[in-house]
Amino acid sequence: GAGVSQSPSNKVTEKGKDVELRCDPISGHTALYWYRQSLGQGLEFLIYFQGNSAPDKSGLPSDRFSAERTGGSVSTLTIQRTQQEDSAVYLCASSLATGENTEAFFGQGTRLTVV
Amino acid sequence: RKEVEQDPGPFNVPEGATVAFNCTYSNSASQSFFWYRQDCRKEPKLLMSVYSSGNEDGRFTAQLNRASQYISLLIRDSKLSDSATYLCVVLDSGGYQKVTFGIGTKLQVIP
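Trainee: Please set out the interface of chain A and chain B residue by residue, giving values where relevant.
Mentor: Contacts between chain A and chain B engage 24 residues on the former and 19 residues on the latter. Overall, the association of chain A and chain B removes approximately 1900 Å² of surface from exposure, summing both partners, and the carbon and sulfur fraction of that is 55%. On the surface where chain A and chain B come into contact, there are zero salt bridges. Taken together, the connections running from chain A to chain B amount to four residue pairs in polar contact (both at pLDDT 80 or more). Counted by class, the side of chain A that touches chain B contains eleven nonpolar, nine polar and four charged residues.

Trainee: Residues and numbers for the environment of A88(A), please.
Mentor: Residue and element names in this part refer to chain A. Residue position: A88 is located in strand β9 (residues 88-95). For A88 and T13, which are 75 residues apart along the polypeptide, the C-alpha to C-alpha distance reads 12 Å. If we skip the residues at most four places from it in the chain, A88 touches R36, Q37, S38, T110, R111 and L112.

Trainee: An account of unusual backbone geometry is needed here, citing residue identities and associated values.
Mentor: A cis amide bond links S7(A) to the next residue, P8(A), at an omega of -10 degrees. Along the polypeptide, P8(A) turns up in the loop between β1 (5-7) and β2 (10-13). Along the chain, G9(B) connects to P10(B) via a cis peptide bond; the corresponding omega equals 10 degrees. Topologically, P10(B) is positioned in the loop between β1 (4-6) and β2 (11-14). Phi at R41(B) is positive, roughly 65 degrees, even though this residue is not glycine. Within the secondary structure, R41(B) is located in the loop between β4 (32-38) and β5 (45-50). Residue class for R41(B) comes out exposed when judged on its relative accessible area of 59%. Unlike most non-glycine residues, Q69(B) shows phi in positive territory, near 60 degrees.

Conventions and cut-offs
Residues numbered from 1 in each chain as written. Chains lettered and ligands numbered in written order. Predicted model: local features only at pLDDT ≥ 70, side-chain atom pairs only at ≥ 80, totals over all residues. Heavy atoms only, no water. Contact = heavy atoms within 4.5 Å. Buried area = accessible area lost by both parts, 1.4 Å probe. Salt bridge = Lys/Arg side-chain N within 4 Å of Asp/Glu carboxyl O. Polar contact = N/O pair within 3.5 Å; in protein donor to acceptor, adjacent residues only side chain to side chain. Nonpolar A, V, L, I, M, F, W, Y, C, P; charged D, E, K, R; others polar. Helix = DSSP H or I, 4+ residues; strand = E, 2+ residues; numbered from the N terminus. Buried < 20%, exposed > 50% of the residue type's maximum accessible area, 1.4 Å probe, protein only.

See below:
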């Protein structure tokens, strides 16, 4: 596709259930980022991938959160035993990461609601 | 200290006003800098890159001060449509070229 694609666009889940969020980056983009944004708040960094490896996982809020990336392309963010405070928009971005003027392109996000 | 710091605002300015935002970054080896714009309930999108010599795009001017480690965005003749959150973005150099976003500064242009 032409842009970063995220699925699902909306997800409502019950507290305690596991959820998987998917990100399809722009083809050829080696860098991939996950952020989350609560209503009216700024972007909270979660994890950064360079290829299939994650050199920076410092933003994952707890061990209930994990992410993987396979084939240097699709990434999945998994949240286990969801809690109400996990409710937010989860944004994925990708970039070429080749040097100056490296624009990061965002997907439209997955709105997660834990009830 | 946060890697990228911004005043979250909100900045409430009248139409036609000039408004400026600053952003500071902690890594002196940071390589590239950008301003992104995020509209309410939308994803962030690139507004402009920030070049060492400063650059202008219509009513928008971006400047970089490496010595003091800050970048700025100046908006002249504010329009209602400029109301949004402006995110400062820094690309780190080195083996892993990580993009770091600031929390964003909210601008509300008032009629």
